[in-house]
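One letter stands for each residue in the lines below.
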Amino acid sequence: MRLRKATVSRVSVLAATCLCLLASCAPPEPDVSAEEVLGTNCAISLYDRHDDALFSRLFSRLREIEAHMSANRDDSELAAVNRAAGVSAVSVSEDTFWVTRTALAYAAKTGGAFDPTIGPLVKLWGIGTDEPRLPSRPDISAALALIDYREVTLDETRRSIRLGRAGMRLDLGAIAKGYAADEMVRMLREAGQKRAIVDLGGNIYALGEKSRGQPWRVGVQDPRQERHVYSGVARVRSTSLVTSGGYERFAVINGKRYHHIFDTKTGYPVDSGLLGVTIICPSSIDADALSTSVFALGAERGLALAASIDPAIGVILFDSTDEISMNEAARRAFTPVPR
Ligand code: ADP
Ligand code: MG
């Protein structure tokens, strides 16, 4: 396995993106604005003329989504839902309700391999925080006992969420950025923008095409290689590309790497044989939920899941061999570079 050697015990939260627009082939001089929001660096590049207030509307919407769905802020809607676990239902905004409902649908589709009630485990490990830790087995068992998407009750009329037992915790980290990217695209379209790149910490949406008849070319990072080494290029129009992997956000504890996507059966970071998964599909919320789901399920079950949702969804899989596997839909968009 070609992983960068990390000898010091520290958390590596790498903000740089794993998917990247190939600068050489972008049309000249987009208007770019970037901000730290949703726990990552969010950059939006506009290629059409736009009114001055557009960026500020887009970024305030991103801040609003963070205020609703952050698992790390005490003042978010999600924090209120988590505080009321086992006690009462909490009414939330339309977006928190819809993202939670979508996350629960993915939990059902993956048999709980993807589970938005993963919160107690995420908190226990602290991967991506300043204090990651290797929890004791009893602590892991206690956290696992609180994870079960079937104990989340949604009430459509009151638009409320109730967690069945005290200590349960929703975490929408695997899906919220995808929703946010879709929201950016909705607002961009509303504002008449035809060409734009939305990059929410590597969760990409390439809107429209680069120029007439020319698709965008997006480099997909190779998780087996140094940062910014591309495994290939995806040629896309109006679609999202989202990657999940164990190589972006991890902690090194006692010399061993632990990443941030957890196995809901063992309580340890997922070991599905995959190093990374890239999903290509026009809905970014689905791409985000699927990239985490496929990574957690492993190659075979992951490919079957994507195919059952829509065979047009592109799936690229990286494991520790030199091969890159992909389905038919990905093959149409993605050209690997020879290694
Ligand atoms: P990224 O860090 O790029 O957003 P993902 O979309 O794959 O990567 O989301 C990872 C996040 O999802 C974790 O940081 C955690 O908050 C949450 N998570 C971890 N394991 C699971 C799981 N099994 N099911 C659902 N969410 C998970
Ligand atoms: Mg995800």
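Summarised in this report is the structure supplied together with it. Just so it is clear, the model here is predicted, and its values are computed rather than measured. (Residues numbered from 1 in each chain as written. Chains lettered and ligands numbered in written order. Predicted model: local features only at pLDDT ≥ 70, side-chain atom pairs only at ≥ 80, totals over all residues. Heavy atoms only, no water.)

Considerations on the coordination of the magnesium ion (ligand 2)
Okay, step 1: For the magnesium ion (ligand 2), the protein coordination sphere consists of Ala-174 (O), Asp-288 (O), Asp-288 (OD) and Thr-292 (OG1), at 2.1 to 2.5 Å.
Okay, step 2: Mapping the donors of the magnesium ion (ligand 2) onto the primary sequence yields the spacing A-x113-D-x3-T. Of this pair, Ala-174 sits in the loop between β7 (160-163) and α6 (176-190) while Thr-292 sits in helix α7 (residues 284-297), placing them 118 residues apart in sequence. (Donors = N, O, S within 2.8 Å, 3.2 Å for Na, K, Ca; no water. Helix = DSSP H or I, 4+ residues; strand = E, 2+ residues; numbered from the N terminus.)

Thoughts on helix α5 (residues 137-144)
Okay, step 1: Turning to α5, its buried residues are Ile-140, Ala-143 and Leu-144. When α5 is viewed along its axis, its buried side chains cluster within an angular range of 100° and face the same direction.
Okay, step 2: Of the surrounding elements, those touching the buried residues of α5 are α4 (119-125). (Buried < 20%, exposed > 50% of the residue type's maximum accessible area, 1.4 Å probe, protein only. Arc of directions from axis to C-beta. Contact = heavy atoms within 4.5 Å.)

Concerning the sheet that holds strand β5 (residues 90-91)
Okay, step 1: If you walk across this open sheet you meet the three strands as β5-β7-β6, and the pairing is antiparallel. In this open sheet, the two edge strands, each paired with only one partner strand, are β5 and β6 (152-155).
Okay, step 2: Taken together, the two bridges between β5 and β7 define a ladder with antiparallel strand orientation. Each residue of the ladder has a partner; that of Ser-91, found in β7, is Ser-160.
Okay, step 3: Against the sheet, helix α3 (residues 94-109) makes contact with β6 and β7, and its axis sits at roughly 135° relative to β6, the strand it touches most. (Pairing = 2+ DSSP bridges. Axes fitted to C-alpha atoms, helices over the stretch in contact; angles between N-to-C directions.)

Considering the side chain of Ser-160
Okay, step 1: Position of Ser-160 relative to the elements: it lies in strand β7.
Okay, step 2: When near neighbours in sequence (up to four residues on either side) are disregarded, Ser-160 contacts Ala-89, Val-90, Ser-91, Phe-97, Thr-153, Leu-154 and Asp-155.

Digging into the environment of Val-122
Okay, step 1: Checked against the element boundaries, Val-122 lands in helix α4.
Okay, step 2: Residue class for Val-122 comes out partly exposed when judged on its relative accessible area of 27%.
Okay, step 3: Beyond its immediate sequence surroundings of up to four residues, Val-122 is in contact with Ile-127, Asp-171 and Phe-262.

Details of helix α1 (residues 54-69)
Okay, step 1: Compared with the 22 Å implied by 1.5 Å per residue over 16 residues, the 23 Å span of α1 between its first and last C-alpha is a close match.
Okay, step 2: Buried within α1 are the following residues: Leu-54, Phe-55, Leu-58, Phe-59, Arg-61, Leu-62, Ile-65, Glu-66, His-68 and Met-69.
Okay, step 3: Looking at the buried positions of α1, the neighbouring elements they touch are β3 (31-37), β4 (40-46), α2 (77-83), α3, α6 and β8 (196-200). (Expected span 1.5 Å × (residues − 1).)

Focus: the site of ligand 1
Okay, step 1: Lining the immediate surroundings of ligand 1 are 17 residues, of which Asp-171, Ser-244, His-260, Phe-262 and Thr-292 lie closest.
Okay, step 2: Note that a nitrogen atom of ligand 1 is positioned 3.0 Å from one of the backbone N or O atoms of Ala-113.
Okay, step 3: A distance of 3.0 Å separates an oxygen atom of ligand 1 from a polar side-chain atom of Asp-288.
Okay, step 4: Within the complex, the protein chains bury 90% of what would otherwise be the 560 Å² of accessible surface of ligand 1.
Okay, step 5: Of the residues belonging to the shell around ligand 1, the class tally is seven nonpolar, five polar and five charged. (Near = heavy atom within 4 Å. Polar contact = N/O pair within 3.5 Å; in protein donor to acceptor, adjacent residues only side chain to side chain. Areas by Shrake-Rupley, 256 points an atom, 1.4 Å probe, with all protein chains shown as cover. Nonpolar A, V, L, I, M, F, W, Y, C, P; charged D, E, K, R; others polar.)

A word on the pairing of strand β11 (residues 230-236)
If a strand is regular, its side chains alternate between the two faces of the sheet.
Okay, step 1: Counting buried residues along β11, five of its seven residues qualify, which places the element largely inside the surrounding structure.
Okay, step 2: Two elements, strand β10 (residues 216-221) and β11, share six bridges in a ladder whose sense is antiparallel. Within β11, the position partnered with Val-220 by the bridge is Gly-232.
Okay, step 3: Judged from the three bridges that link them, β11 and strand β18 (residues 334-336) form a sheet pairing that is antiparallel. Of the residues in β18, the one forming a bridge with Gly-232 is Pro-336.

Quick word on the sheet that holds β4
Strands belonging to one sheet form pairs held by backbone hydrogen bonds; the direction of such a pair is parallel or antiparallel.
Okay, step 1: The sheet built from eight strands is open, its strands ordered β3-β4-β8-β9-β12-β15-β16-β17 with antiparallel pairing. Every other strand in the sheet has two partners, leaving β3 and β17 (324-326) as the edge strands with one partner each. Strand-to-strand, the axes of this sheet are offset by a mean angle of 15°, without reference to chain direction.
Okay, step 2: Looking at chain direction, β4 and β8 are connected through five bridges and run antiparallel.

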